[in-house]
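# Structural characterization, general
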Amino acid sequence: MEYVPRERVRPLTVALSVVSLAIVFAAAGGRVPQSAVPNAPEWFLESIPHLNVAISATAIATIAVGWRAIRRGRVDRHRVAMVTSFGLFATFLTLYLYRLVATGGPQEFPGPETVYQFVYLPTLAIHILLAIVCIPVLYYALLQALAYPIAELPRTSHARFGRIAATLWLISFSLGIVVYGLLHVAY
């Protein structure tokens, strides 16, 4: 069953990507005032990074399950795993952006300057770049899946875009866990 008209896949991909990235850049750039989000107790704000690392690890697992399922021809399992992965990604991003706005900006790196400069910043930069690039690719693959019946999907670019999105997602989530480890475990 198609949920999205086929001719709307590209325009919706562009619109969703622009809106999503505008929200992310506004929050990360300090353009969203703290008053725009409800107040939360300090314990909740402090728990978000720990919750997000668990979400990231779970998303890595669900992406891997979805990838393996489709390689084995288990389309229904693939669909459930990838929709779950998207839901985890949306939850992660919502919590991350909420904390970013509620606390007034990103957390400062507590470790030594050398590690900050040569490990933390490059890892963070690649993590962010891959997450940004992943957004339109992910939307396109998802919208194609919603626009075509399963039998027609092999004749579309869904699989190609899905592989790219899954690869970017896996690397970005993994690097996010490394960033978490540097911020909350190592230092």
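Refer to the preceding data block for the structure.
I will try to describe carefully the structure that is included in this document. (Residues numbered from 1 in each chain as written. Predicted model: local features only at pLDDT ≥ 70, side-chain atom pairs only at ≥ 80, totals over all residues. Heavy atoms only, no water.)

Let us now look at the overall build of the protein. In terms of helices and strands, the protein carries 5 helices and 0 strands. Along the protein, helices (α) and strands (β) appear in the sequence α-α-α-α-α when read from the amino end. Taken over the C-alpha trace, the protein has a radius of gyration of 18 Å; the compact-globule value for 187 residues is 16 Å, and the two agree within 12%. Taken over the C-alpha atoms alone, the protein extends approximately 55 × 35 × 30 Å along its principal axes. Put simply, the protein has 187 residues, and 39% of those count as buried. Counting contacts in the protein only where the partners sit at least 6 residues apart, residues at least 24 apart contribute 81% of the total. A total of about 10900 Å² of accessible surface is found on the protein, and carbon and sulfur atoms cover 66% of it. Computing the positive centroid from 14 side-chain charges and the negative centroid from 8, the protein places the two 14 Å apart. (Helix = DSSP H or I, 4+ residues; strand = E, 2+ residues; numbered from the N terminus. Rg over C-alpha atoms; globule rule 2.2 N^0.38 Å. Buried < 20%, exposed > 50% of the residue type's maximum accessible area, 1.4 Å probe, protein only. Contact = heavy atoms within 4.5 Å. Areas by Shrake-Rupley, 256 points an atom, 1.4 Å probe, with all protein chains shown as cover. Lys, Arg positive; Asp, Glu negative; His and termini not counted. Charge placed at Lys NZ, Arg CZ, Asp CG, Glu CD.)

Quick look at the packing of aromatic side chains now. Under the criterion given, the structure shown has 13 aromatic pairs. Taking 4.6 Å as the distance between ring centres and 25° as the angle between the ring planes, the aromatic pair formed by Phe 109 and Tyr 120 counts as stacked. Within this pair, whereas Phe 109 is found in the loop between helix H3 (75-102) and helix H4 (113-147), its partner Tyr 120 is found in helix H4, the two being separated by 11 residues in sequence. In this structure Tyr 120 comes out as buried when scored by relative accessible area, which is 6%. With a centroid separation of 5.9 Å and an interplanar angle of 20°, the aromatic rings of Tyr 116 and Tyr 120 are classed as stacked. Of this pair, Tyr 116 and Tyr 120 both sit in helix H4, 4 residues apart, which is roughly one turn of that helix. The class of Tyr 116 is partly exposed, set by a relative accessible area of 28%. (Phe/Tyr/Trp six-rings, centres within 6.5 Å; stacked < 30°, edge-to-face > 60°.)

Looking now at the packing of H3 against helix H5 (residues 158-186). In the contact formed by H3 and H5, the axes pass within 13 Å of each other and the chain directions differ by 45°. As summarised for this structure, H3 and H5 are arranged oblique, according to the angle between their axes. Seen from above, H3 lies across H5 with left-handed handedness. Where H3 approaches H5, its residues His 78, Met 82, Ser 85, Phe 86, Phe 89 and Phe 92 are matched on the opposing element by His 158, Ala 166, Trp 169 and Phe 173. (Axes fitted to C-alpha atoms, helices over the stretch in contact; angles between N-to-C directions. Parallel < 35°, antiparallel > 145°, perpendicular 65-115°, else oblique. Left-handed = near helix turned anticlockwise from the far one by under 90°.)

In this section: H5. If you check H5, its first and last C-alpha atoms are 40 Å apart, about what 29 residues at 1.5 Å a residue would give, namely 42 Å. In H5, a bend of some 25° at Tyr 180 exceeds every other bend along the element. (Expected span 1.5 Å × (residues − 1). Bend = angle between axes of the 7 residues up to and from the residue.)

Moving on: the pattern of salt bridges. For the coordinates displayed, the defined rule picks out 2 salt bridges. Across the pair Glu 152 and Arg 6 runs a salt bridge, and its minimum N-O distance is 2.6 Å. Of this pair, Glu 152 sits in the loop between H4 and H5 while Arg 6 sits in the segment before helix H1 (9-28), and the two are 146 residues apart along the sequence. Glu 152 gets classed as partly exposed once you look at its relative accessible area, which sits at 23%. Assessed through its relative accessible area of 34%, Arg 6 is described here as partly exposed. Salt-bridge contacts for Asp 76 lead to Arg 79; the nearest nitrogen and oxygen are separated by 3.7 Å. With Asp 76 and Arg 79 both in helix H3, this residue pair falls 3 residues apart, about one helical turn. A relative accessible area of 42% means that Arg 79 is categorised as partly exposed. (Salt bridge = Lys/Arg side-chain N within 4 Å of Asp/Glu carboxyl O.)

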